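What follows is each chain in one-letter form.
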Amino acid sequence: MQYAPLAFGFANLAMLGWLAAAAIPILIHLWNKRRYREESWAAIEFLLAALNKTSRRMWLEQWLLLALRMALVAVIVLAVAQPFWQASGLAFAPGQRTLKMFVIDNSYSMGYRPTDKSRFERAKQRAVQIVEESTQGDAFMLVLLGSPPSVVVGTPAGDRRDFLDEIEALKLAHTSADLPATLVRLEELLAAVDDAGLSRRELIFLTDLGRNTWAPDLKGEEAAGYRQRLDHLASQAVLSIVDVGQGGSENMAVTDLAMQEPLATTAREVALETQIRNFGNQARNRHLVEFYVDGRRTKERYVDVPAGEQAALVFTHRFDTVGEHVAEVRLGGDLLDVDNHRWLSLDVKDRVRVLCVNGKPGAQPMTGAADYVVLALNPDAGEGINSGQVEPEVIAESGLLERDLGVYDCVFLCNVAQFTSAEARVLEKVLARGGGLVFFLGDQVLADRYNQELADGNTHVLPARLGEVISEPQYQYRFDPLNYRHPLLSAFQGREQSGLLTTPVYKYFRLQPLPKSRVALAFYGGDPAIVEQTLGRGRSVVMATEGSLSSVDPKTKDPWTTMPAWPSFLPMVQEILSLAVRGQQVEHNLEVGQPLGDSLDGMTARPTVEVNTPGGARDEVRMSLEGQVSRWTYTDTLQSGLYHVVLGAPLSRQENFSVNVDTSESDLARAAVEDLPRQFSARERMGLEQTDFANVSYRGGFHKQLLYLALGLLLAETLVAWWYGHAR
């Protein structure tokens, strides 16, 4: 190991001139001695003879008192001069001014509380201590390491009192930490700093050294840029780490809470599945898990979770009323409370309303383009079509503009020939509010019109362009599940008897997926069979072939497909519906840092919007008017919990938004020393292994110790003087 050179100096060098005051006791002694003239007196001779026996002891006592008084003055002067020592890998001149930029880890793992103080509180306390021990004239900046990073003090601050107030006011956010993005922000800040009088720079990271933060999984150009940025920062400043992460790493967290069905209805019980993960190294047995609905505890369970494993629990609840509801799962307490809660906002309906647009009506039952789809959507209809949980409604394609599509959760478009620009805009609004669109193609479809109005134009509602029709006489195309990677096919995995892989298809449109779309199901040979894409807050799904038996090839007399008669058709339609409408729940269930907001069509008046945060604050949000659409947005979502939004007149309604943490931060595993970037030094090792670090910077001041010593000398002088006087 190479040891850094030591530098010694005084923060207030001019104060050393007062060391001359240490001679005052001697001057007083000499002055008092000159004031008296010695004369011989016979009567005193007998007294002097007696004193000669103890004169040596008195002489030592007087010199000891004099030394104590001189040392007291000297120590006080040295304390005021603030001496310090510094070990530095860089050239250092005693007394130079330093820019110290504090980067405090603001990820929620810093809320871990192994003692009476959390890691975040310890980081703030240590930052305050470093500021107080800094030399006169140093300047300070403050950045929070988060996702995204936050600049608290962006210009060098020389006023310590104001800077310390900023540190004390910091509140822990419930975000994760993004070190690469923070380094980009630090580069920008340092580039903008005026170096007037600041000859040295230090970047001081106060962190728990979480592995998720300090060992990011970067590849390619991203990893190269990360290393280059570290090199550049290290060339401009001393990079150092204050480790506040000791205290254990045992943690339990609620990592997921979701409905097993796409939408909640009053028609039957709603099943909600939650995942509980043990991130620690010890098994947790009989850990309490509580289930709340609208703030009332309805059920509780006890769960056993082995070390490093997770367990799933299912809670069921029957909602009696339609409208906004909130489900919550709570864990029994541990040392990190932030991830012990998870919320789910639900818009409970009486039925799932689906509009089926029939592009090719049939003269006989089950001969129309939408008939099999309707049956698959509501297989329990019996004599009444509305007896199931899903309520499908069938219209002709000419009636699309006559319906208010805002009341439907999903629209199925079955073998519709073409769309106008006005119809395309109506479908776009369905996706914008979180609804679903499902396209089943067929012999009526005009591919060029689909591409022009739905894919290539100003309105984008189709996840793929339509190519030519693929057909070979007497040839059957089969589905390729693509290893069941897509969630749409998860219900078919391990169920080979469902008929999915044996479904015969004789004709289909060759789909050309658009950017950001996903292929859920393909044909053997590579052509996509089902393509889906998230558009707006909704989802659009297109099936390359028909959803009925209505289209028959005039030459071979074969339909496009016999899929509607296959056992796999009903679960496939149900899964497509689930995928298409899932966006309606997603829009009110977000992660920390994602903005809240909504769009309101046709609003001439702009209602007031009040956001009530989990911390109890009330913020009013202004709505912006863009054409005929009013929109509000709220971005201050750095705390997890339930955000209650009140929309004023003329809407006069309330909405709940659940904001949950990204549970990757719940893993409290620490980065090993060898994982730390080589450009960083350990300012305080605090449990790190001893190893070489580049540009290590240690600084110690001992003026406080000198003040304590001065107090001790004062007490010692008083006691010694009293003792000598009492003894005599």
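Structure shown above.
Definitions and limits used
Residues numbered from 1 in each chain as written. Predicted model: local features only at pLDDT ≥ 70, side-chain atom pairs only at ≥ 80, totals over all residues. Heavy atoms only, no water. Helix = DSSP H or I, 4+ residues; strand = E, 2+ residues; numbered from the N terminus. Expected span 1.5 Å × (residues − 1). Buried < 20%, exposed > 50% of the residue type's maximum accessible area, 1.4 Å probe, protein only. Salt bridge = Lys/Arg side-chain N within 4 Å of Asp/Glu carboxyl O. Phe/Tyr/Trp six-rings, centres within 6.5 Å; stacked < 30°, edge-to-face > 60°. Lys NZ or Arg CZ within 6 Å of the ring centre and 35° of its normal. Axes fitted to C-alpha atoms, helices over the stretch in contact; angles between N-to-C directions. Parallel < 35°, antiparallel > 145°, perpendicular 65-115°, else oblique. Contact = heavy atoms within 4.5 Å. Nonpolar A, V, L, I, M, F, W, Y, C, P; charged D, E, K, R; others polar. Core = buried A, V, L, I, M, F, W, Y, C linked by side-chain atoms within 4.5 Å.

K.L.:
Give a detailed account of helix 4 (residues 119-133), specifying residues and quantitative values.
P.N.:
In this model, helix 4 (15 residues) spans 21 Å end to end at C-alpha, consistent with the 21 Å of a helix rising 1.5 Å per residue. Listed as buried for helix 4 are Arg-119, Phe-120, Ala-123, Lys-124, Arg-126, Ala-127, Val-128, Ile-130 and Val-131.

K.L.:
Give a description of the pattern of salt bridges that names residues and reports values.
P.N.:
Side-chain pairs of opposite charge can arise where the charged atoms are in close proximity. Under the definition given, this model contains 27 salt bridges. Among the ionic pairs, Arg-119 bridges to Asp-208, the shortest N-O distance being 3.3 Å. Of this pair, Arg-119 sits in helix 4 while Asp-208 sits in the loop between strand 6 (200-207) and helix 7 (211-214), placing them 89 residues apart in sequence. Per residue, the accessibility class of Arg-119 equals that of Asp-208, and both read buried. A salt bridge links Arg-353 to Glu-391, with the shortest nitrogen-to-oxygen separation between them at 4.0 Å. Residue Arg-353 is located in strand 15 (residues 352-358), and its partner Glu-391 is located in strand 16 (residues 390-396); the two are separated by 38 residues in the primary sequence. Under the relative-accessibility criterion, Arg-353 is labelled partly exposed at 27%. When salt bridges with common partners are traced through the structure, they connect Arg-353, Glu-391, Glu-393 and Arg-403 into a single cluster.

K.L.:
Residue-level account of the packing of aromatic side chains, with values.
P.N.:
Scanning the entire structure with this criterion turns up 17 aromatic pairs. Ring geometry for Tyr-508 versus Phe-523: centroids 4.0 Å apart, planes at 25 degrees, classification stacked. On the criterion of sequence distance, the pair formed by Tyr-508 in strand 21 (residues 507-513) and Phe-523 in strand 22 (residues 518-523) is long-range, its members being 15 residues apart. For Tyr-508, a relative accessible area of 4% puts it in the buried group. A cation sits over an aromatic face here: Arg-277 above Phe-279, 5.5 Å from the ring centre. Positioned above the aromatic ring of Tyr-302 is the side chain of Arg-286, whose terminal nitrogen or guanidinium carbon lies 4.3 Å from the ring centre.

K.L.:
Outline the packing of helix 4 against helix 5 (residues 160-168), listing residues and values.
P.N.:
It is at 10 Å that the axes of helix 4 and helix 5 come closest, and there the two elements cross at 170 degrees. Looking at the two axes, helix 4 sits roughly antiparallel to helix 5. In contact with Lys-124, Ala-127, Val-128, Val-131 and Glu-132 of helix 4, helix 5 contributes Arg-160, Phe-163, Leu-164, Ile-167 and Glu-168. A per-class count over the contact of helix 4 with helix 5 returns six nonpolar, no polar and four charged.

K.L.:
Could you give an account of the nonpolar core, with specific residues and numbers?
P.N.:
With 77 residues, the main nonpolar core has Phe-412 and Tyr-450 as its most contacted residues. With eight residues, helix 12 (residues 569-581) is the single largest residue contributor to this core. Discounting chain neighbours no more than four positions away, the residues touching Phe-412 are Val-354, Leu-355, Cys-356, Val-357, Val-373, Leu-377, Val-438, Phe-440, Val-573, Ile-576 and Leu-577. Counting 31 residues, the second largest nonpolar core, distinct from the first, contains Met-141, Ile-241, Ala-671 and Phe-680.

K.L.:
Pulling in residues and values, what's your account of unusual backbone geometry?
P.N.:
The omega torsion across Ser-147 and Pro-148 is 5 degrees, close enough to zero to call that bond cis. Looking at the secondary structure, you find Pro-148 in the loop between strand 4 (139-145) and strand 5 (150-157). Although it is not a glycine, Asp-294 adopts a positive phi angle of roughly 55 degrees. Judged by relative accessible area, Asp-294 falls into the partly exposed class, the value being 34%.

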